[in-house]
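What follows is each chain in one-letter form.
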Amino acid sequence: MALSAGLRCCQRIFSWIPVVIITSIVLWSYYAYVFELCLCNLSFCFPSAVAYLLVFHACFVMFSWTYWKSIFTPPFSPSKKFQLSYLDKERYELEERPDVQKQILIEIARKLPVFTRAASGGVKEHFKKYQSFMSQFYFCSC
């Protein structure tokens, strides 16, 4: 039991290594752009330095916000209707041929309630036509 807790602790520590590396690169780029380029080298041309700083800070804030959200948002597991049932999973795993496995997944995917919707909330008709065309094209044995 202590070994698994130790391994989980190590995994937690090692999973933060990429975050630390990316954060250090971002902070270094912030220092290099803002202090070295804009404040030191462009101090003689104040209007362009201000414009560069405004654009950089807008991009920097958007990047920082999305990076923060992607790191600290807990993973979400899909609902039960999008998970394979026990029988489907067993049927898929017992099949050895990749083309038959692909066919099994396509059959399962056809039952899923996934549609492209318009802004009004209705199902887009051209997407239905595209789906039927592609299914006929894909399964054509010509």
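Conventions we followed
Residues numbered from 1 in each chain as written. Predicted model: local features only at pLDDT ≥ 70, side-chain atom pairs only at ≥ 80, totals over all residues. Heavy atoms only, no water. Salt bridge = Lys/Arg side-chain N within 4 Å of Asp/Glu carboxyl O. pLDDT = per-residue confidence, 0-100. Helix = DSSP H or I, 4+ residues; strand = E, 2+ residues; numbered from the N terminus. Phe/Tyr/Trp six-rings, centres within 6.5 Å; stacked < 30°, edge-to-face > 60°.

Colleague: An account of the pattern of salt bridges is needed here, citing residue identities and associated values.
Modeller: Inspection of every chain in the model, using the stated rule, returns two salt bridges. Residues arginine 97 and glutamate 95 are paired through a salt bridge, measuring 3.2 Å at the closest nitrogen-oxygen approach.

Colleague: Tell me about the confidence of the model for the protein chain, and please be specific about residues and values.
Modeller: Fine structural detail should not be taken from predicted coordinates in areas where pLDDT scores are low. Averaged over every residue, the pLDDT of the protein chain is 80; residues scoring 70 or more account for 77%. For the protein chain, per-element mean pLDDT is lowest for helix α6 (residues 125-138), which scores 52, and highest for helix α3 (residues 46-72), which scores 91.

Colleague: I'd like a rundown of the packing of aromatic side chains, residues and numbers included.
Modeller: One pass over the structure, following the stated rule, counts eight aromatic pairs. Judged by centre distance (4.9 Å) and plane angle (45°), the rings of tyrosine 30 and phenylalanine 60 are tilted. Highlighted residues: tyrosine 30 in helix α2 (residues 17-41) and phenylalanine 60 in helix α3, separated in sequence by 30 residues. The interplanar angle of 25° and the centroid separation of 4.5 Å between the aromatic rings of tyrosine 33 and phenylalanine 56 together place this pair among those described as stacked.

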